[in-house]
Amino acid sequence: MEKATFRIWRGDANEAQYVDYETEVSEGMVVLDAVHRIQAEQANDLAVRWNCKAGKCGSCSAEVNGNPKLLCMTRLNDLPLDQPVTVEPMRAFPIIKDLVTDVSWNFKVKEKMKPFTPRPPDEEDGTWRMEQEDIDHIQEFRKCIECFLCQDVCHVLREHDLHDEFIGPRFFVYAASLEMHPIDTENRLEELKNQDGIGYCNITKCCTKVCPEHITITDNAIIPLKERVVDQFYDPIKRLFRVFSS
Amino acid sequence: MASYETFEHDVLIIGAGGAGLRAAIEAAADGLKVGLVCKSLLGKAHTVMAEGGVAAALANVDERDSWRVHFADTMRGGQYLSNARMAELHAKESPDRVRELEAWGALFDRTKEGSILQRNFGGHQYPRLAHVGDRTGLEMIRALQDHGIHQGIDVHMENTIVSLLKTGDRVSGAFGYEREKGRFKIFSAKAVVLATGGVGKAYKITSNSWEYTGDGHSLAYHAGAELIDMEFVQFHPTGMVWPPSVRGILVTEGVRGEGGILTNSEGNRFMFDDIPELYVNQTADSPEEGWNYTQGDREARRPPELLTRDHVARCIVREVHEGRGSPHGGVFLDIAWIKEKIPNAQEHIRRKLPSMYHQFKELADIDITQEPMEVGPTTHYIMGGIKVDADTQMTCVPGLFAAGECAAGLHGANRLGGNSLSDLLVFGKRAGEYAAQFAADNGEVALDDSAIEEIAQQVLQPFDNPEDGDNPYEIQAQLQDKMQELVGIARSQESLMQALEEIQTLREKADSVHAIGNREYNAGWHTALDLDCLLTVSESIALAALERKASIGAHSRDDFPEKEEQGAGKYNTIVQKSQDNTMGIRREPVPELTEEYQEIIDEMG
Ligand SMILES: Cc1cc2nc3c(=O)[nH]c(=O)nc-3n(C[C@H](O)[C@H](O)[C@H](O)COP(=O)(O)OP(=O)(O)OC[C@H]3O[C@@H](n4cnc5c(N)ncnc54)[C@H](O)[C@@H]3O)c2cc1C
Ligand code: SF4
Ligand code: SF4
Ligand code: FES
């Protein structure tokens, strides 16, 4: 069987280094398979998150040869195996151990956002009527598996560390799914502008490029939200209109 | 003295899949202090992986559907070993549970009239599964999660419960460790709900993740609860078989619901060759009729590919055994053929089955809109589990409740697709409600400190075991091999006796596995601790399988091909810990169906 070397980042917040592991590789393997084989045979205490092994749960996010990836969806035959494959944790979050990072910040961000608030039901049985056409674009946002790879790659978080002022692309997608939900009645634009820091996003589209669910984060979620914010807060004619109509 | 932190809750819920989240939301509704513990991050439980849909007789697509038909379908699918009262509650309440999800933000696919769309699935007479493409579980767990986080529930993510705590007869809390630092946590509670999911990791080929080590089954068993019908393990007929690293990953039944067909190496649609008695009247007798059914023709009957999972899995095994399999030991599942029938087939498939398209494209280099998939059976679900009261979901241990896949009763000998997601919602809610009531009606319980100390010691044992002790991963792999080989789709007295012996040997080895490193996020240590649960559920499956001397539903015995044992009547198997700490097994007769239930079955069958 063919062999390949995996250069895995081992350690915790205090101390860490890359460790090379050589292991057997076979047809169809993904990086997560190699990590598991190393864990079972050479490094029992190696920390890695995973669940579904099919790109559905968003647990196994890490960086492979410097690229933010789901370990379970990264095939070895797409990587040059004549050199070591580098596997390291996401860099935009504090390290816990090895490939596992502390992503709890993301859960706190979501908790602070205004929840879904539906209009009263359309029908007596408590249901709503919605056209498929009107929900297609929100279903795109709802495909999000919360892998946080987009958060990992966004320079506002990764380089500028603005976690207190900027919620990151994942939560703009979330905000968009609520704001554009046909039966939601809440308005989140004030928060998006002020607390959530949508203004920091300068549309580099790095988030869209790494999204394993192929959600068009920037074009379909962030830009429309930015436009709504502009309409509400900066458009003088619309503002005037609001003053008169209220 | 071991050091630990203590958390006090009125109701503690173990597991944050659909069942646990729904239970937590319900229990928190009355302002009680509710704790929710899970092994992974929130939103990553198995429920997220469910693809096909959630069964509920909403009758949006076919107005002939009703709770009575759903009830009859569930009972027939379960070969009449299901708890009829649970089947009734499930069929009656699931429509409301599904609608409620939309009030919490879920967005199911729509009919032309704008209501929730429903699709066909095996064993359901009418299109009944509410769905979102093939990512229904994600939609469901996200709706529950996003609603749940605003209900004042204390969530303890990445914490594993290793033992329940009892005070006298009553459950009083649970002992766990957090993964990050390996610190111990004690949870005291007036009522505890188990919602830990299934046991698939006991087998080598499975659609299940590392979490499915049967923890809830094992925790309940050690606390004195009964496990019912553990022999019924569902082998889903269509798992991926190639490449080896993805073997077992699920291919949703939705593929067949949308018109996908099964063929063998001779190009024959072999499912037409063997249609069971119970279903002859409901099955198409030509490919044309089958196709029409999948396209919503109400006069047509379903294609044989949509027969129950146990049957389809056995037919696939037969084809492979008799030399008519695909190159990698499965059969062919073809959805691409529908281009003969509809003009924009390629786009249609990608829209209806986006994640299947994605999964095969990225993991197997196969374009399912152009070529057939190779599929074979994979361990998927356990119908058996913790025995509970149908209405309240309480076990025989006061204060201990169970819901979702780890509980049992609804599915009998075989579960219909889509009936699990609805099970989680209906009985998750009930478990939450009655656990809250129990907590309100019964006062505090003091914890037993000496028991805690003892558990702490056992949990650290793998670090203290000699360094030449076995590697925990190795023991896990050996167990999976044996269960696959000896307690799989085809079983016999001989294979099961041998399995029980192997399990004993592995148990001895498991006692001396060695964990390297320290307590911080140490996967090897965690695997060592999961072994006890895996061995307990494996033993209970093998023991129950030995007890049932018949081939019914998901359980087949080569040495007893008949559906019923002569003169034994219908019974459930019950596993419970005996006085001497060994595993006991007994039978309990299935109660006669009431006249009312029998009438519904006769009318709707
Ligand atoms: C690939 C796949 C596709 C499926 N598709 C469908 C479908 O289309 N329709 C359908 O009806 N069903 C489907 N099923 C079945 C269904 O998804 C599961 O049966 C169901 O989701 C189980 O839900 P649950 O709430 O019982 O448990 P889970 O969602 O599995 O959650 C279990 C929870 O318990 C926690 N836990 C476990 N042990 C411990 C412990 N010791 N300490 C603390 N926490 C613990 C876990 O961390 C997790 O949070 C599918 C299953 C799979 C695997
Ligand atoms: S487009 Fe905006 S959110 Fe996305 S990575 Fe760039 S700056 Fe970040
Ligand atoms: S938007 Fe995409 S990249 Fe970001 S968390 Fe969701 S799935 Fe991951
Ligand atoms: S393990 Fe679920 S996305 Fe990789």
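This section reports on the structure supplied with the text. (Residues numbered from 1 in each chain as written. Chains lettered and ligands numbered in written order. Predicted model: local features only at pLDDT ≥ 70, side-chain atom pairs only at ≥ 80, totals over all residues. Heavy atoms only, no water.)

### Let's talk about the interface of chain A and chain B
Then, in step 1: The partner chain B presents 61 residues to the 57 residues of chain A that form the contact.
Then, in step 2: The interface formed by chain A and chain B includes 6 salt bridges.
Then, in step 3: Across the pair Glu139(B) and Arg142(A) runs a salt bridge, and its minimum N-O distance is 2.6 Å.
Then, in step 4: Taken together, chain A and chain B are joined by 35 residue pairs in polar contact (both at pLDDT 80 or more).
Then, in step 5: Sorting the residues of the side of chain A that touches chain B by element identifies helix 1 (31-41), strand 6 (95-97), helix 2 (104-112) and helix 3 (132-142) of chain A as the ones contributing at least two each.
Then, in step 6: The leading source of residues in the side of chain A that touches chain B is helix 3 of chain A, at 5 residues. (Contact = heavy atoms within 4.5 Å. Salt bridge = Lys/Arg side-chain N within 4 Å of Asp/Glu carboxyl O. Polar contact = N/O pair within 3.5 Å; in protein donor to acceptor, adjacent residues only side chain to side chain. Helix = DSSP H or I, 4+ residues; strand = E, 2+ residues; numbered from the N terminus.)

### What to know about the site of ligand 1
Residues and elements named next belong to chain B.
Then, in step 1: The immediate surroundings of ligand 1 are formed by 40 residues, with Thr47, Glu211, Tyr212, Asp215 and Glu405 found nearest.
Then, in step 2: Thr47 has a polar side-chain atom sitting 2.5 Å from an oxygen atom of ligand 1.
Then, in step 3: Gly52 is positioned with one of its backbone polar atoms (N or O) 2.8 Å from an oxygen atom of ligand 1.
Then, in step 4: When ligand 1 sits alone it has 1,000 Å² of accessible area, and the protein chains cover 98% of it.
Then, in step 5: Among the secondary structure elements, those contributing two or more residues to the shell around ligand 1 are helix 1 (18-28), strand 7 (159-167), strand 14 (373-382) and helix 11 (419-441).
Then, in step 6: The element contributing the most residues to the shell around ligand 1 is helix 11, with 4 residues.
Then, in step 7: When the residues that make up the shell around ligand 1 are grouped by side-chain class, the tally is 15 nonpolar, 19 polar and 6 charged. (Near = heavy atom within 4 Å. Areas by Shrake-Rupley, 256 points an atom, 1.4 Å probe, with all protein chains shown as cover. Nonpolar A, V, L, I, M, F, W, Y, C, P; charged D, E, K, R; others polar.)

### Regarding the site of ligand 3
Then, in step 1: The full set of residues close to ligand 3 is Cys144(A), Ile145(A), Glu146(A), Cys147(A), Phe148(A), Cys150(A), Arg170(A), Cys211(A), Pro212(A) and Ile217(A).
Then, in step 2: Grouping the amino acids of the shell around ligand 3 by side-chain chemistry returns 8 nonpolar, no polar and 2 charged.

### A closer look at unusual backbone geometry
Then, in step 1: With an omega dihedral of -10°, the bond running from Trp242(B) to Pro243(B) counts as a cis peptide bond.
Then, in step 2: Among the structural elements, Pro243(B) can be located in the loop between strand 11 (233-240) and helix 6 (254-257).
Then, in step 3: Positive phi, normally seen in glycine, also occurs at Glu146(A), with a value near 50°.
Then, in step 4: With respect to the helices, strands and loops of the structure, Glu146(A) is situated in the loop between helix 3 and helix 4 (149-153).
Then, in step 5: For Ala59(B), which is not glycine, the phi torsion reads 60° and is therefore positive.
Then, in step 6: Within the secondary structure, Ala59(B) is located in the loop between strand 3 (54-55) and helix 2 (67-77).

### Some details on the packing of helix 4 (residues 136-148) of chain B against helix 11 of chain B
Residues and elements named next belong to chain B.
Then, in step 1: At a closest axis distance of 11 Å, the pairing of helix 4 and helix 11 adopts a crossing angle of 15°. Overall, the two elements helix 4 and helix 11 adopt an arrangement that is roughly parallel. Helix 11 is crossed by helix 4, and the crossing has left-handed handedness. When helix 4 is examined against helix 11, the residues Thr136, Gly137, Met140 and Leu144 are found in contact with a partner set consisting of Leu421, Leu424 and Leu425. (Axes fitted to C-alpha atoms, helices over the stretch in contact; angles between N-to-C directions. Parallel < 35°, antiparallel > 145°, perpendicular 65-115°, else oblique. Left-handed = near helix turned anticlockwise from the far one by under 90°.)

### A short note on the packing of aromatic side chains
Then, in step 1: One pass over the full model with this rule turns up 13 aromatic pairs over all chains.
Then, in step 2: A ring pair is formed by Tyr203(B) and Phe235(B), whose centres lie 5.7 Å apart and whose planes are at 85°; its orientation type is edge-to-face. Of the two residues, Tyr203(B) is situated in the loop between strand 9 (184-194) and helix 5 (215-222) and Phe235(B) in strand 11; the sequence distance between them amounts to 32 residues.
Then, in step 3: Relative to Phe438(B), the ring of Phe401(B) lies with its centre 6.1 Å away and its plane at 75°, an arrangement referred to as edge-to-face. A residue pair is termed long-range when its members are at least 10 positions apart, and Phe401(B) in strand 16 (residues 400-402) and Phe438(B) in helix 11 qualify at 37 residues.
Then, in step 4: The class for Phe438(B) is buried, based on a relative accessible area of 13%.
Then, in step 5: Cluster of aromatic residues (ring-pair linked, three or more members): Phe166(A), Phe172(A) and Tyr200(A).
Then, in step 6: The side chain of Arg415(B) reaches across the aromatic face of Tyr381(B), ending 4.0 Å from its centre.
Then, in step 7: Taking NZ or CZ as reference, Arg519(B) lies 4.4 Å from the ring centre of Phe184(B), over its face. (Phe/Tyr/Trp six-rings, centres within 6.5 Å; stacked < 30°, edge-to-face > 60°. Buried < 20%, exposed > 50% of the residue type's maximum accessible area, 1.4 Å probe, protein only. Lys NZ or Arg CZ within 6 Å of the ring centre and 35° of its normal.)

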